[in-house]
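Working through the structure, step by step
Here are the chains, one letter per residue:
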2 protein chains.
Amino acid sequence: MSKKNKDSIVIPTAVIKRLPKYHRYLEQLVHEGREKISSQQLGDIVGVSAPQLRQDLNYFGNFGQQGYGYNVKKLYNSLAEVMGIQNKSKMVLVGVGNIGQALVNSKDFEKRSFYLSAIFDSDPKLIGSEINNLEVKDVATLKDYIRENNVDIGIIAVPGSVAQEIADNMVESGIKGIWNFSPVDLKTPQAIQVENEHLTEGLLRLSFKVKDE
Amino acid sequence: MSKKNKDSIVIPTAVIKRLPKYHRYLEQLVHEGREKISSQQLGDIVGVSAPQLRQDLNYFGNFGQQGYGYNVKKLYNSLAEVMGIQNKSKMVLVGVGNIGQALVNSKDFEKRSFYLSAIFDSDPKLIGSEINNLEVKDVATLKDYIRENNVDIGIIAVPGSVAQEIADNMVESGIKGIWNFSPVDLKTPQAIQVENEHLTEGLLRLSFKVKDE
DNA sequence: TAGATTGTTAATCGATTAACAATC
DNA sequence: TAGATTGTTAATCGATTAACAATC
């Protein structure tokens, strides 16, 4: 068994934040046909120190080999497994407004192991219409749909004023994680994972940094 | 002078990340007509500890009053000033694809002190068309436009393969900050502020956390 | 004035980096 | 075997929390 049993150890959030970045650069290296890489080299590419990279990876297993480094393909696959990208995740999206439509039309999901199984809105004018081969369903049927179809992830792209209500519905029907694009902080039980994309906050941070210069 | 001169002190990035959140909740409290608030109360609402909130605020000045707390309106305005939201920021957007269109149609900017001054694309089929009263300009004219119009912030919503090139153009023509929606890490001079919205990374993080449960 | 709550220093906690023995 | 590079422990750095004097 090459991978350690570290189930009891909590992964620092700082480490979790870096994982997708490692994955992205490794994907690129795989495409370039690179075979091996040292922690120093990969660290330089990704923009972290070599010891930090090794520390991070070793939370999940011993993927390298002394005197050699890391096999790119193997490390990439190991990381994909760690991140749960091996098995496909079923998603639903609620809110077919500006951002919602952008997400529905995006090709990024398919490239990864995520796929949109259904999309919902509350606007009668939109319900029944089709976007990227997906029929817009009535949000009133959301809970039943999630329950019956074993949905993993719910995407919230509705106005802040109704986001909590949608989140509650998702939680009640057994969703595992929520990808939140609405500009509010959702109140959810500990067991439910939430990832926020508070876009306006990003712009405000940028504004501060620009002004501060 | 109620505000300290702390220009020489570097603001921790962790603090900068929290500022927009404080601003958002304070905006809400102002709307609700709340007059005063203690660090304990505001911390509870925002989800940070009271001492942390006080520490954070005191990087920028002494906004509170012993025995009283903070005047909501005053604190909100002070924070807006700190974040550079007092003076309007002029932005251009490059890439009128899925995300780009969503941003153009979004009403969030106008509510804040940001406004889109022009939008660009490289697709001849899109150039000349109109989105939300903005004509899509040829990206070949981007550099001249930024220079002539004193643009503050450039939004990059193009595919990763051309993002660096657009960023280079922006930097050369004197942009101050870049809001990057492309899935690459841009190479820019230190003086240029960059804020990344790597949406796919958010989804991957969520996937990891869901799987890890 | 007495009570409340800030601003700030000191103590703790967590995350990063340095160093090096283990080993391919 | 000798050189290279990992995995991991120890040292440092930064960020958060605790505590309390200052003061409204």
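Residues numbered from 1 in each chain as written. Chains lettered and ligands numbered in written order. Predicted model: local features only at pLDDT ≥ 70, side-chain atom pairs only at ≥ 80, totals over all residues. Heavy atoms only, no water.

Details of the relation of the copies chain A and chain B
This is how it is decided: Superposition of the copies was done by least squares, using only C-alpha atoms of residues whose pLDDT is at least 70 in both. Should any heavy atoms of two residues lie within 4.5 Å, those residues are considered in contact.
Superposition of chain A onto chain B requires a rotation of 180 degrees combined with a translation of 0.0 Å along the rotation axis, giving an RMSD of 0.0 Å. What the rotation and shift describe, once combined, is the action of a two-fold rotation axis. Looking at the interface residues of chain A, 100% of them are also at the interface in chain B, so both copies use one shared face.

Overview of helix α9 (residues 199-212) of chain B
Residues and elements named next belong to chain B. Under the convention used in this document: Helix numbers and strand numbers start at the N terminus; a helix is a DSSP run of H or I with at least 4 residues, a strand a run of E with at least 2. Multiply 1.5 Å by the residue count of a helix minus one, and that product is the helix's expected span. Throughout, exposure labels follow a simple rule: accessible area from a 1.4 Å probe, protein chains only, divided by the maximum for the residue type, with under 20% read as buried, over 50% as exposed, and the rest as partly exposed.
When the terminal C-alpha atoms of α9 are compared, their 20 Å separation across 14 residues agrees well with the 20 Å that a helix rising 1.5 Å per residue should span. Most of α9 is tucked away, with 11 of its 14 residues classed as buried. All buried positions along α9 are accounted for by L199, T200, E201, G202, L203, L204, R205, L206, S207, F208 and V210.

A few points about the packing of aromatic side chains
Applied cut-off: For Phe, Tyr and Trp, where Trp contributes only its six-membered ring, two rings pair if their centres lie within 6.5 Å, and the inter-plane angle classes them as stacked under 30 degrees, edge-to-face over 60, or tilted in between.
With the rule as written, the count across this model stands at six aromatic pairs over all chains. Ring plane angle 70 degrees and centroid distance 5.6 Å describe the contact between F120(A) and Y145(A), whose orientation is recorded as edge-to-face. Note that F120(A) is positioned in strand β5 (residues 114-121) and Y145(A) in helix α7 (residues 142-149), a separation of 25 residues in sequence. Like Y145(A), F120(A) is buried. Ring geometry for W179(B) against F181(B): centres 4.8 Å apart, planes inclined by 65 degrees, an arrangement best described as edge-to-face.

A word on the pattern of salt bridges
Here is the rule we go by: In what follows, salt bridge is the name for a side-chain nitrogen of Lys or Arg lying within 4 Å of a carboxyl oxygen of Asp or Glu.
With the rule as written, the count across this model stands at 18 salt bridges over all chains. The shortest N-O distance in the salt bridge between E195(A) and K209(B) comes to 3.1 Å. Here K209(B) lies in helix α9 and E195(A) lies in strand β10 (residues 193-196), a pairing that spans two chains. One salt bridge connects K176(B) with D152(B), and the closest N-O pair in it is separated by 2.8 Å. Taken together, the residues K176(B) in the loop between α8 (160-172) and β8 (177-180) and D152(B) in the loop between α7 (142-149) and β7 (153-156) connect sequence positions 24 residues apart. Overall, the relative accessible area of 39% leaves K176(B) in the partly exposed class. A residue is classified by how much of its surface remains accessible, and D152(B), at 13% relative accessible area, is buried.

Concerning the packing of helix α9 (residues 199-212) of chain A against helix α1 (residues 13-32) of chain B
To keep it simple, the criterion reads: To obtain an axis, a line is fitted to C-alpha atoms, over the contacting stretch when the element is a helix, and the angle between two such axes runs from 0 to 180 degrees between their N-to-C directions. Orientation is classified from the angle alone, with under 35 degrees giving roughly parallel, over 145 giving roughly antiparallel, 65 to 115 giving roughly perpendicular, and any other angle giving oblique. The hand of a helix crossing depends on one turn: near helix anticlockwise from the far one by less than a right angle means left-handed, and clockwise means right-handed. Put simply, Ala, Val, Leu, Ile, Met, Phe, Trp, Tyr, Cys and Pro go in the nonpolar bin, Asp, Glu, Lys and Arg in the charged bin, and everything else, Gly too, in the polar bin.
Close contact between α9(A) and α1(B) brings their axes to 9 Å; oriented N to C, the two are set at 120 degrees. Taken as axis vectors, α9(A) and α1(B) run oblique relative to one another. Handedness of the α9(A)/α1(B) crossing: right-handed. Where α9(A) abuts α1(B), its residues E201(A), L204(A), R205(A), F208(A) and K209(A) lie against I16(B), K17(B), L19(B), P20(B), K21(B), H23(B) and R24(B). For the contact of α9(A) with α1(B), the per-class residue count stands at five nonpolar, one polar and six charged.

Considerations on the sheet that holds strand β2 (residues 64-65) of chain A
All names here are of chain A. Just so we agree on the cut-off: Note on pairing: DSSP must find at least two bridges between two strands before they are called paired.
Sheet architecture is open: three strands sit in the order β1-β3-β2, paired in antiparallel fashion. At either margin of the open sheet sits one strand with a lone partner, and together these are β1 (36-37) and β2. In this sheet, strand β3 (residues 69-71) lies alongside β2 in antiparallel orientation, the contact comprising two bridges. Each residue of the ladder has a partner; that of Q65, found in β3, is G69.

What about the confidence of the model for chain A?
For clarity, the cut-off: A residue's pLDDT is the predictor's confidence in that residue, given on a scale from 0 to 100.
Chain-level statistics for chain A give a pLDDT mean of 93 and a share of 96% at 70 or above. Considering only residues more than four positions removed or in separate chains, one finds that residues 1-7 of chain A, a stretch of pLDDT under 50, has eight contacts.

Overview of the sheet that holds strand β6 (residues 130-131) of chain A
With respect to topology, seven strands assemble into an open sheet ordered β6-β7-β5-β4-β8-β9-β10 (chain A), the strand pairing being mixed. In the strand order of this sheet, the two ends are held by β6 and β10 of chain A, each with one partner. As paired elements, strand β4 (residues 89-94) of chain A and strand β8 (residues 153-156) of chain A share four bridges and run parallel to each other. Residue pairing across strands places V92(A) opposite G154(A), the latter belonging to β8(A). Against the sheet, helix α8 (residues 160-172) of chain A contacts β4, β8 and β9 (177-180) of chain A, and its axis sits at roughly 170 degrees relative to β8(A). This element, α9(B), spans β4, β5, β8, β9 and β10 of chain A of the sheet and lies at about 170 degrees to β10(A).

Some remarks on the nonpolar core
The following threshold applies: What makes a nonpolar core is a set of buried Ala, Val, Leu, Ile, Met, Phe, Trp, Tyr and Cys residues whose side-chain atoms join them at distances within 4.5 Å.
Membership of the largest hydrophobic core comes to 94 residues, with the highest contact counts inside it found for L116(A), W179(A), L116(B) and W179(B). Beyond its immediate sequence surroundings of up to four residues, L116(B) is in contact with M91(B), V92(B), L93(B), V104(B), F109(B), L134(B) and I155(B).

Comments concerning the interface of chain A and chain B
How big an interface is tends to be expressed through the accessible area that disappears when the partners come together. Of the residues lining the interface, 54 residues belong to chain A; the matching set on chain B comes to 54 residues. Counting the contacts that link chain A with chain B gives 10 salt bridges. Those elements that place two or more of their residues in the side of chain A that touches chain B are α1 (13-32), α4 (72-82), α5 (98-105), α6 (108-111), β9, β10 and α9 of chain A. Here the side of chain A that touches chain B takes 13 residues from α9(A), the largest share from any one element. Class assignment for the residues of the side of chain A that touches chain B results in 28 nonpolar, 11 polar and 15 charged.

Remarks on the pairing of β5(A)
Residue and element names in this part refer to chain A. With seven of its eight residues buried, β5 lies for the most part within the structure. As judged from the six bridges shared by β4 and β5, these two strands associate in the parallel manner. Among the inter-strand pairings, S89 is bridged to a residue of β5, identified as F114.

Notes on the environment of L203(A)
Looking at the element boundaries, L203(A) is found in helix α9. By relative accessible area, L203(A) is classed as buried at 1%. Placed 151 residues apart in sequence, L203(A) and Q52(A) show a C-alpha to C-alpha distance of 29 Å. For L203(A), the contacting residues outside a window of four places in its chain are M91(B), F109(B), F114(B), I153(B) and W179(B).

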